[in-house]
Amino acid sequence: KQEVTQIPAALSVPEGENLVLNCSFTDSAIYNLQWFRQDPGKGLTSLLLIQSSQREQTSGRLNASLDKSSGRSTLYIAASQPGDSATYLCAVRPADRDDKIIFGKGTRLHILP
Amino acid sequence: DAMVIQNPRYQVTQFGKPVTLSCSQTLNHNVMYWYQQKSSQAPKLLFHYYDKDFNNEADTPDNFQSRRPNTSFCFLDIRSPGLGDAAMYLCATRAGGAEQFFGPGTRLTVL
């Protein structure tokens, strides 16, 4: 059974720092991995999607990497800003169940002004 | 240019009074999902449609039902809401092997 873990559950960093959020999954047979952002009381915003054949994806200050064999993904945020404060969730689509994605519990990020 | 729209954004109902939440999409995606999310938890999949094919998760309570009359619209019906059903309800869509897009959610309060 696929399980997705995100550590730490919460993180506070000063504004301007670069930071890395971690996501690990137990079964390397995945179709893709997606990173989301969720602001309090809001829906999920898709940040980056990495297909299983890809190693990384970039969007602006965000870079997501995927190491499928070791069951890990990282989300790198450069030059953090207070507006980056949110909960970040990763989710994997298992290769044998293309119709659903498995979420981690998220990392709650707080950028200190 | 909203792509996944949920109405209402906030819904208050009374214990046991049926409620319907709606979701519409402008993306023409063939897959639509309903999730339940409680505070500080990951979204929990309730059911999804692949075109008109309905797929129910094994642990989705019988109290929850869904309808998809056409590609663009999907409804979540809660027949007899209990206090434990108070949550954020999220609708999402997907086309093929691409990413999921989520709506803004409906916050349900049960009095």
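Structure: above.
The sections below set out a description of the structure shown in this document. (Residues numbered from 1 in each chain as written. Chains lettered and ligands numbered in written order. Predicted model: local features only at pLDDT ≥ 70, side-chain atom pairs only at ≥ 80, totals over all residues. Heavy atoms only, no water.)

Quick notes on the packing of aromatic side chains
Any pair of aromatic rings gets described here by the distance separating the centres and the angle formed by the planes. Applied cut-off: Here the aromatic set is Phe, Tyr and Trp, taking the six-membered ring for Trp, and pairing holds for ring centres within 6.5 Å; pairs whose planes are under 30 degrees apart are stacked, those over 60 apart are edge-to-face, and all others are tilted. A run of DSSP states H or I qualifies as a helix once it reaches four residues; a run of E qualifies as a strand once it reaches two. Both are numbered from the N-terminal end. Think of it in three bands: residues with accessible area under 20% of the maximum for their type are buried, residues over 50% are exposed, and the middle band is partly exposed, with areas taken using a 1.4 Å probe on protein chains only.
Per the counting criterion, the structure on display carries ten aromatic pairs over all chains. Summarising the aromatic geometry, the rings of B:Phe64 and B:Tyr89 are spaced 6.1 Å apart at their centres and angled 35° between planes, so their arrangement reads as tilted. Of this pair, B:Phe64 sits in strand 7 (residues 64-67) while B:Tyr89 sits in strand 9 (residues 87-94); the two residues are 25 residues apart in sequence, bridging distant segments of the chain. With respect to burial, B:Phe64 and B:Tyr89 carry one shared label: buried. Connected via pairs of aromatic rings, a cluster forms that spans A:Phe36, A:Phe103, B:Tyr33, B:Tyr35 and B:Phe102.

A look at the sheet that holds strand 3 (residues 19-25) of chain A
Residues and elements named next belong to chain A. We count it as follows: In this description, strands pair whenever DSSP reports at least two bridges between them.
Taken in spatial order, the five strands make up an open sheet running 1-3-8-7-6, and their pairing is antiparallel. This sheet does not close on itself; its edge strands, each paired only once, are strand 1 (4-5) and strand 6 (56-59). Bridge count for strand 7 (residues 62-67) against strand 8 (residues 72-77) is six bridges, and the pairing is antiparallel. Paired with Asn63 across the strands is Tyr76, a residue of strand 8.

A look at the interface of chain B and chain A
To keep it simple, the criterion reads: The criterion used for residue contact is that any of the two residues' heavy atoms lie within 4.5 Å. In short, buried area is how much 1.4 Å probe accessible area vanishes from two parts on joining, totalled over both. The salt bridge criterion pairs a side-chain nitrogen of Lys or Arg with a carboxyl oxygen of Asp or Glu, the two atoms within 4 Å. Each polar contact in these results corresponds to two N or O atoms within 3.5 Å; when the atoms are within protein, one needs to be able to donate a hydrogen and the other to accept it, and residues that are neighboring in sequence are counted only if both atoms are side-chain atoms.
Chain B puts 20 residues into the contact, and the matching count from chain A is 22 residues. Summed over both sides, the interface of chain B with chain A buries roughly 1,600 Å², with 50% coming from carbon and sulfur. Remark: the boundary between chain B and chain A carries one salt bridge. A salt bridge links A:Lys100 to B:Glu57; the shortest N-O distance between them is 2.8 Å. At the boundary of chain B with chain A, the tally comes to five residue pairs in polar contact (both at pLDDT 80 or more).

Points about the layout of surface pockets
Taking a probe equal in size to a water molecule and rolling it over the atoms shows the remaining empty space. Stated formally: In the cavity and pocket records, a cavity denotes points on a 1 Å grid over the protein atoms alone where a 1.4 Å probe fits but cannot get out, a pocket denotes an open set with protein on both sides within 12 Å along at least 5 of 7 lines, and lining residues are residues with an atom within 4 Å of a point. Grid points are joined across faces, edges and corners, and a volume is the space filled by probe spheres set on the points. Under the scheme applied here, ten amino acids are nonpolar (Ala, Val, Leu, Ile, Met, Phe, Trp, Tyr, Cys and Pro), four are charged (Asp, Glu, Lys and Arg), and all others, including Gly, are polar.
The computed volume of the largest pocket comes to approximately 660 Å³. Of all the secondary structure elements, the ones that give two or more residues to the lining of the largest pocket are strand 1 and strand 10 (102-103) of chain A together with strand 5 (44-50) of chain B. For the lining of the largest pocket, the residue count by class is nine nonpolar, five polar and ten charged. Of the volumes computed, that of the second largest pocket is approximately 480 Å³. A:Gln38, A:Thr87, B:Ser39, B:Ser40 and B:Gln41 are, among the 24 residues lining the second largest pocket, the residues nearest its centre. Mapped by element, the contributors of at least two residues to the lining of the second largest pocket are strand 9 (86-94) and strand 11 (107-112) of chain A. Among the residues making up the lining of the second largest pocket, the classes are represented as seven nonpolar, eleven polar and six charged.

Observations regarding the state of the cysteines
Note on terminology: a disulfide is the covalent bond linking the sulfur atoms of two cysteines. Let me state the cut-off plainly: Cysteine sulfur atoms that pair up within 2.5 Å are treated as a disulfide.
The final tally for this structure, using the stated rule, is two disulfides over all chains. A sulfur-sulfur separation of 1.9 Å characterises the disulfide bridge that pairs A:Cys23 with A:Cys90. Taking the sign of the S-S torsion, 70° for the link of A:Cys23 and A:Cys90, the bridge is right-handed. Here A:Cys23, found in strand 3, pairs with A:Cys90, found in strand 9; they are 67 residues apart in sequence, far enough to count as distant. Residue classification places A:Cys23 among the buried residues on the basis of a relative accessible area of 2%. What makes A:Cys90 buried here is its relative accessible area of 0%. With a sulfur-sulfur separation of 1.9 Å, B:Cys23 is cross-linked through a disulfide to B:Cys91. An S-S torsion of about -75° defines the bridge between B:Cys23 and B:Cys91 as left-handed. Highlighted residues: B:Cys23 in strand 3 (residues 19-25) and B:Cys91 in strand 9, separated in sequence by 68 residues. Residue B:Cys23 is classed as buried on the basis of its relative accessible area of 1%.

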